[in-house]
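Analysis of the macromolecular model
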There are 2 protein chains.
Amino acid sequence: MRIAIYGYGHLGRGAALAAAAAKDAELIGIFTRRDPAAVGALRAPVYAADSLPRHVDKIDVLLLCGGSARDLPALSPRLAKDVNLVESFDTHAKFFDHFSAVDNAAKAGGHLALVGGGWDPGLFSCVRVLSDAILPGSRTRVLFGPGVSQGHSNAAAGVRGVATARAYTLPREDTDVWADLPTEALHRRVVYAVLDGSREAEETKDELLSLAPYFSRENTEVRFIPADDFAAHHTALSHGGRVLSRGTLGESSFESSFSLTLDSNPLFTGAVLVACARAIDRMARRGIVGACTMADLAPADLSARTREELLRSFL
Amino acid sequence: MRIAIYGYGHLGRGAALAAAAAKDAELIGIFTRRDPAAVGALRAPVYAADSLPRHVDKIDVLLLCGGSARDLPALSPRLAKDVNLVESFDTHAKFFDHFSAVDNAAKAGGHLALVGGGWDPGLFSCVRVLSDAILPGSRTRVLFGPGVSQGHSNAAAGVRGVATARAYTLPREDTDVWADLPTEALHRRVVYAVLDGSREAEETKDELLSLAPYFSRENTEVRFIPADDFAAHHTALSHGGRVLSRGTLGESSFESSFSLTLDSNPLFTGAVLVACARAIDRMARRGIVGACTMADLAPADLSARTREELLRSFL
């Protein structure tokens, strides 16, 4: 399959690395809104984002590696008209509306688009759907972390007086995951920040903690640390989480747990997007159009292996 | 969907209970090789197994609830000619050949058959396929238990001198799951058995421990207990296990773990088969024929919920 990457931040770089590791993928180009000459991608030619229309004929699947807040709401519906695509929209509250917009655009263009690829939404969604399908009435809860929240990190780094910051999400060990509590109550945040010297620590911290919607209603701890400590310990984008499920049938109870521990969130998400691209390429060739999610993909369609290999070694 | 159950042991009863809990399933009959009048199924009419051909026209999917050792190798190919079916063949070493036989039969009859439904093979297979698809070269290991091995329990109960027995599989905590060891070396067995008084305990135990292929090469402990202790503590068919996976991309490592804790193995497996029947019914209506596994099923096809419900509450 011939894939291309649109957007070359952390996620785009993860997708490029995963494409290089996939023997059946050919990365035909990277499209960026920055100056192509300034983008140091060694794995494929780099083009200006607005030249994409001239290249769509040679792209089987476009990996749209933008952010959910500013890029994908407009970009996904626009590009789904012209090319099969895979993206990672992850705002649960707006998922249905975004999906519908992409679905309409993809159908209008006769293309197939995967919305919300990654681990949550994505793999975790599949676990939630399967748990509910197998044991109707079962409950699931998700615990995130320990890991870096990029949105919260960027928000903290934007506070006046902060030079740079990383916000970690941690599951609280002192709460009952099955109690009727909002997700926020099951987590806490720890922000490691470096001061830039322009403002008092107390004042900076007060503003950070009052930031809505990020820290204002959350259990957050702020730790100011020296720049060299930050550089040594807080540059990775590690993350993870787990989906817990429990249900009953007759008098019997059943529990499942699916957990991920990721050294790098964008690298793993990029690898999921490349596997999804394989399924989208195959399903598009079967004539399927419109939008879908990872819950619409059969695991075997994500795999580069033959049916016989899967039957002999993985079933 | 109109489903029927063929075989009414522990698994058949689990499937019947799960069918009753599924709002979109109608259980139109139970087929048994025993005397139908002697089968106490209250949930559906009970028919003699050999009357199945007279009923296939009103069955969308047949849940074939037989054993992998003696029933399924002959029954699955024979019945796949006449009706869409779901079964739970679980002998990994013979999986490819069995799958091929069912595939040929189902294609000849224009039907669709799900082979190896359940949790391993089944849900655990999906995790193995996905791990390998996302991170090529990743490794997976499975740990079983704590739980009851029904095959080993039956073997132990068949030893002269034993009135009844339960064999438990337990993961060994003292071994490195990632070391290059066979699956047996990662587990141990504990057999709880009641003596029938016809033979000395030592002699009975020696014969049990020498039973091939069950206990002869395994780390097994035998505990003889009184009949009332057995009745109080060892009648449930609990089981469980976990699939561990780890892989790398670039310099980063990734780990996943999927675990199940099941009060009743046959009830949970029956529930998985009913969910699979839903997917098979839908896929058969799309014109798909032949054999498939759970790795060929999209999670959304196993769910009774509408696409909008899934998008709004599960993605």
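**Observations regarding empty space enclosed by the protein**
- Within the structure shown, the criterion is met by 3 cavities of 30 Å³ or more.
- Taken as a whole, the largest cavity encloses approximately 560 Å³ of empty space.
- Lining the largest cavity are 43 residues, and of these Val 127 and Leu 130 of chain A together with Val 127, Leu 130 and Phe 258 of chain B sit closest to its centre.
- Counting residues per element, the ones that place at least two in the lining of the largest cavity are helix 4 (123–134), strand 12 (239–249), strand 13 (252–262) and helix 9 (299–302) of chain A together with helix 4 (123–134), strand 12 (239–249), strand 13 (252–262) and helix 9 (299–302) of chain B.
- Counted by class, the lining of the largest cavity contains 30 nonpolar, 9 polar and 4 charged residues.
- Of the pockets and cavities examined, the second largest cavity occupies roughly 70 Å³.

**Comments concerning the pairing of strand 1 (residues 2–6) of chain B**
Residues and elements named next belong to chain B.
- The element strand 1 is extensively covered by neighbouring structure, given that 4 of its 5 residues are classed as buried.
- Pairing of strand 1 with strand 2 (residues 26–32), which is carried by 5 bridges, proceeds in the parallel orientation. Note that in strand 2 the partner of Ile 3 across the bridge is Leu 27.
- For the handedness criterion, the β-α-β arrangement of strand 1, helix 1 (residues 10–21) and strand 2 is classed as right-handed.
- Alignment of strand 1 against strand 4 (residues 61–64), held across 4 bridges, turns out to be parallel. Following the sheet pairing, Tyr 6 is matched in strand 4 by Leu 64.

**Comments concerning the interface of chain A and chain B**
- Across the contact, 64 residues belong to chain A and 64 residues belong to chain B.
- For the pair chain A and chain B, the summed buried area comes to about 5400 Å², and 68% of that belongs to carbon and sulfur atoms.
- Three residues, Phe 96, Ile 134 and Leu 315 of chain A, lead the burial of chain A against chain B; their summed loss comes to 14% of the area buried on that side.
- Residue Arg 307 of chain B is joined to Asp 296 of chain A by a salt bridge in which the shortest nitrogen-to-oxygen separation is 3.4 Å.
- When residues of the side of chain A that touches chain B are traced back to their parent elements, those giving at least two are helix 1 (10–21), helix 3 (95–109), helix 4, strand 13, helix 8 (265–285), strand 14 (290–292), helix 9 and helix 10 (307–313) of chain A.
- Here the side of chain A that touches chain B takes 11 residues from strand 13 of chain A, the largest share from any one element.
- Class assignment of the residues belonging to the side of chain A that touches chain B gives a composition of 38 nonpolar, 13 polar and 13 charged.
- Pairing geometry for strand 13 of chain A and strand 13 of chain B, over 9 bridges, is antiparallel.

**Focus on the pattern of salt bridges**
- Scanning the entire structure with this criterion turns up 34 salt bridges over all chains.
- With a closest N to O distance of 3.1 Å, Asp 60 of chain A and Arg 2 of chain A form a salt bridge. Taken as a pair, Asp 60 of chain A in the loop between strand 3 (46–48) and strand 4 (61–64) and Arg 2 of chain A in strand 1 (residues 2–6) lie far apart in primary sequence, 58 residues in all.
- Since its relative accessible area comes to 12%, Asp 60 of chain A is described here as buried.
- A relative accessible area of 31% places Arg 2 of chain A in the partly exposed class.
- In this structure, the salt-bridge partner of Lys 107 of chain B is Asp 103 of chain B, at a minimum N-O distance of 2.9 Å. Of this pair, Lys 107 of chain B and Asp 103 of chain B both sit in helix 3 (residues 95–109), 4 residues apart, which is roughly one turn of that helix.
- With a relative accessible area of 46%, Lys 107 of chain B lands in the partly exposed category.

**Examining unusual backbone geometry**
- Following Ala 212 of chain A, the chain continues into Pro 213 of chain A via a peptide bond in cis, with omega recorded as -5 degrees.
- Note that Pro 213 of chain A resides in the loop between helix 6 (201–209) and strand 11 (220–224).
- Here the bond from Asp 120 of chain B into Pro 121 of chain B is cis, since omega is 0 degrees, no more than 30 degrees from zero.
- Structurally, the position occupied by Pro 121 of chain B is in the loop between strand 6 (112–114) and helix 4.

What counts as what
- Residues numbered from 1 in each chain as written.
- Chains lettered and ligands numbered in written order.
- Predicted model: local features only at pLDDT ≥ 70, side-chain atom pairs only at ≥ 80, totals over all residues.
- Heavy atoms only, no water.
- 1 Å grid on protein atoms, 1.4 Å probe; cavity = no way out; pocket = protein on both sides within 12 Å on 5 of 7 lines; lining within 4 Å.
- Points joined across faces, edges and corners; volume = space filled by probe spheres on them.
- Helix = DSSP H or I, 4+ residues; strand = E, 2+ residues; numbered from the N terminus.
- Nonpolar A, V, L, I, M, F, W, Y, C, P; charged D, E, K, R; others polar.
- Buried < 20%, exposed > 50% of the residue type's maximum accessible area, 1.4 Å probe, protein only.
- Pairing = 2+ DSSP bridges.
- Right-handed = clockwise from strand over helix to strand, strands pointing away.
- Contact = heavy atoms within 4.5 Å.
- Buried area = accessible area lost by both parts, 1.4 Å probe.
- Salt bridge = Lys/Arg side-chain N within 4 Å of Asp/Glu carboxyl O.

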